[in-house]
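# Architecture at a glance
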Amino acid sequence: MIYAAVMGYGTIGSGVAEVLEKNRDVITARTGEEIQVKYILDLREFPGDPNEDKVIHDFSVIEQDDDVKIVVETMGGVRPAYDFVKASLLAGKHVVTSNKALVAACGTELLQIAREKGLNFFFEASVGGGIPLIRPLTGALAGERIVEISGILNGTTNYILTKMAKEGQTFEEALRKAQELGYAERNPESDVEGYDTCRKISILTALATGREVNYEDVYTEGITAVTDTDFKYAAKLGTSVKLFGSSRMEDGKVSVFVCPMMIAQENPLFSVNDVFNAVMVKGNMAGTLMFYGSGAGKRPTASAVVADMMETAMNMNRNLPFGWGAERQTLTPVEKTEFSYFLRFEGKAQEKKAEIEAVFGPVRFVELPDMDEFAVLTGSMTEEHYRKISAAFSDIRQMIRAQI
Ligand code: HSE
């Protein structure tokens, strides 16, 4: 028997207990030993819950119990999760977490402590929910130079954008539903402002480069400025708008960004809808691979946590080579990255056509009926160039980067 403690009995933590219970036979058969939750740490009581007798409120009970070999952290947020995770590792316990905020902010230090202590610190569930992504990246693709990781990494925003695009729901309605479904972060600002995607793409980039990525250096823009009118133009253009996290690693240069992106129907990410995430990974030998699945939600995320617990249970006496080192990756500023641009201008297209084409070169014009505005889709240029030339126009109402 291997004893575990679960810290945080919310959506994911209670899901972990559920997966361990429902799949006990296969988990035990594959691991070779049964994994049993001994404690659940939470501020709350859970009367009537099948695990109510395991609930404790004092972390030191876990820290001091030598029977507990695996600590699962599903609390979210950096503090106090960081203090409890660090103390667990220092007390000789393996740690599994779903907490991307913690991994992005403190992963370098926690991975280092785990190495020094011969323990494992795993976080498959921190990126892409139930999609196996981190293990393939560090295992099956270990022989690759990864040149690009791009995708939809946040279920809440993808759910919101899908509902806005397909059902005409307002941003607020769709967000409320995503919260009810347990997709959104406690503070949904993390989702809608792109911070969650930023942390996830930073973790993936650190794994791909072997170097620490400071998520605060990543250009990040959320979806709060995307409107239903943008989707009307997008439909007319045969495009869609998705929140992208993207990282390109070539010739020693690494550029990472998070922003809403207009994409064409031909793009494999075009039909990734609702809570689904999809990540495109490009290796220099394997070529392009796609990973697709539920990016958030109780059971998919808990399933990834349980897989990490099993991997830990099968490697109790050694640290598996994993993660990244202390050297920090320099990031190329977003100004050097090339995009096309979807721009909405005030006024009438025919009146401004010449002026716009003189500055942007050939563009595609699109108009909606009865609107005192129009939109264009430009060709590709660096962000730096776009910023310079677009400064000539004070009548741009909206700008969404595009990969068309
Ligand atoms: N809030 C996150 C999302 C949860 O919507 O993707 C999974 O990381």
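Here, the structure is the one placed above.
Residues numbered from 1 in each chain as written. Predicted model: local features only at pLDDT ≥ 70, side-chain atom pairs only at ≥ 80, totals over all residues. Heavy atoms only, no water.

## Focus: the overall build of the protein
When helices and strands are counted, the protein shows 14 helices and 17 strands. For a compact globule of 404 residues, the expected C-alpha radius of gyration is about 22 Å, and the protein comes in at 23 Å, within 12% of that figure. Counting across all 404 residues of the protein, residues that qualify as buried make up 56%. In the protein, once contacts between residues fewer than 6 apart in sequence are set aside, the share between residues at least 24 apart is 73%. (Helix = DSSP H or I, 4+ residues; strand = E, 2+ residues; numbered from the N terminus. Rg over C-alpha atoms; globule rule 2.2 N^0.38 Å. Buried < 20%, exposed > 50% of the residue type's maximum accessible area, 1.4 Å probe, protein only. Contact = heavy atoms within 4.5 Å.)

## Structural notes on the packing of helix α7 (residues 155–167) against helix α8 (residues 171–180)
For the pair α7 and α8, the least separation of the axes is 9 Å and the interaxial angle reads 135 degrees. By the angle class used here, α7 and α8 are oblique. For α7 against α8, the interelement crossing comes out right-handed. Of α8, the residues touching α7 (which contributes Thr156, Tyr159, Ile160, Lys163 and Met164) are Phe171, Ala174, Leu175, Lys177 and Ala178. Looking at the contact of α7 with α8, its residues break down into 7 nonpolar, 1 polar and 2 charged. (Axes fitted to C-alpha atoms, helices over the stretch in contact; angles between N-to-C directions. Parallel < 35°, antiparallel > 145°, perpendicular 65-115°, else oblique. Left-handed = near helix turned anticlockwise from the far one by under 90°. Nonpolar A, V, L, I, M, F, W, Y, C, P; charged D, E, K, R; others polar.)

## A short note on unusual backbone geometry
Look at the link from arginine 79 to proline 80: it is a cis peptide, with omega at 10 degrees. Considering the arrangement of structural elements, one finds proline 80 in the loop between β4 (68–73) and α4 (81–90). With a phi angle near 50 degrees, aspartate 251 is a residue other than glycine that sits in the positive phi range. Looking at the element boundaries, aspartate 251 is found in the loop between β9 (239–250) and β10 (253–264). Given a relative accessible area of 78%, aspartate 251 falls into the exposed group. Phi at aspartate 370 takes a positive value of approximately 55 degrees, unusual for a residue other than glycine.

## Focus: the site of the ligand
Around the ligand lies a shell formed by Lys100, Asn154, Gly155, Thr156, Tyr183, Ala184, Glu185, Asp191, Asp196, Lys200, Gly295 and Ala296. Here a nitrogen atom of the ligand sits 2.7 Å away from a polar atom, N or O, in the side chain of aspartate 191. Here an oxygen atom of the ligand and a side-chain polar atom of lysine 200 are 2.8 Å apart. For the ligand, whose unbound accessible area comes to 260 Å², protein coverage reaches 94%. Of all the secondary-structure elements, those providing two or more residues to the shell around the ligand are α7 and α10 (195–209). Across the shell around the ligand, the residue classes tally to 3 nonpolar, 4 polar and 5 charged. (Near = heavy atom within 4 Å. Polar contact = N/O pair within 3.5 Å; in protein donor to acceptor, adjacent residues only side chain to side chain. Areas by Shrake-Rupley, 256 points an atom, 1.4 Å probe, with all protein chains shown as cover.)

## With respect to the packing of aromatic side chains
Two descriptors summarise a pair of aromatic rings, namely the distance from one centre to the other and the angle between the planes of the rings. Throughout the structure, instances matching the rule amount to 17 aromatic pairs. Here the aromatic rings of phenylalanine 59 and phenylalanine 84 are separated by 4.5 Å at their centres, their planes lie at 10 degrees, and the arrangement is stacked. Here phenylalanine 84 lies in helix α4 and phenylalanine 59 lies in helix α3 (residues 59–64), a separation of 25 residues in the sequence. Look at phenylalanine 59 and you get buried, because its relative accessible area is 8%. (Phe/Tyr/Trp six-rings, centres within 6.5 Å; stacked < 30°, edge-to-face > 60°.)

## Points about the nonpolar core
In terms of nonpolar packing, the biggest core is built from 104 residues, with Ile62, Phe123 and Met309 touching the most fellow members. One finds Ile152, Phe257, Ile263 and Phe374 within the second-largest nonpolar core, a separate group that totals 25 residues. (Core = buried A, V, L, I, M, F, W, Y, C linked by side-chain atoms within 4.5 Å.)

## As for the sheet that holds strand β5 (residues 94–97)
One open sheet holds the 6 strands; their spatial order is β3-β2-β1-β4-β5-β6, and the pairing between them is parallel. The sheet is open, and its two edges are formed by β3 (55–56) and β6 (121–122), each paired on a single side. Where β4 lies against β5, 4 bridges are found, and the strand directions are parallel. Residue pairing in the sheet places glutamate 73 in a bridge with threonine 97 of β5. (Pairing = 2+ DSSP bridges.)

## A look at the side chain of threonine 229
Here threonine 229 is to be found in helix α11 (residues 228–237). Ignoring sequence-local partners within four residues, the contact set of threonine 229 consists of Arg344, Leu368, Met371 and Glu373.

## Some words on the pairing of strand β12 (residues 287–294)
As paired strands, strand β11 (residues 276–283) and β12 are joined by 8 bridges and run antiparallel to one another. Paired with phenylalanine 276 across the bridge in β12 is serine 294. Joining the antiparallel neighbours β11 and β12 is a turn of 3 residues.

## A closer look at the pairing of β4
Of all 6 residues making up β4, 5 are buried, and the element is well covered by its neighbours. For strand β1 (residues 2–7) and β4, the ladder comprises 5 bridges, and the chain directions are parallel. Following the sheet pairing, alanine 4 is matched in β4 by isoleucine 70.

## Points about the pattern of salt bridges
By the definition in use, this model includes 30 salt bridges. Between arginine 328 and glutamate 212 there is a salt bridge, and its shortest N-O distance comes to 3.0 Å. Placement of the pair is arginine 328 in the loop between α12 (298–313) and β13 (338–346) and glutamate 212 in the loop between α10 and β8 (219–220), with a sequence separation of 116 residues. For arginine 328, a relative accessible area of 46% gives the class partly exposed. Note that glutamate 335 is salt-bridged to arginine 387, the shortest N-O span being 2.8 Å. Pair noted here: glutamate 335 is in the loop between α12 and β13 and arginine 387 is in helix α14 (residues 383–390), with a separation of 52 residues, a long-range link. With a relative accessible area of 25%, glutamate 335 lands in the partly exposed category. (Salt bridge = Lys/Arg side-chain N within 4 Å of Asp/Glu carboxyl O.)

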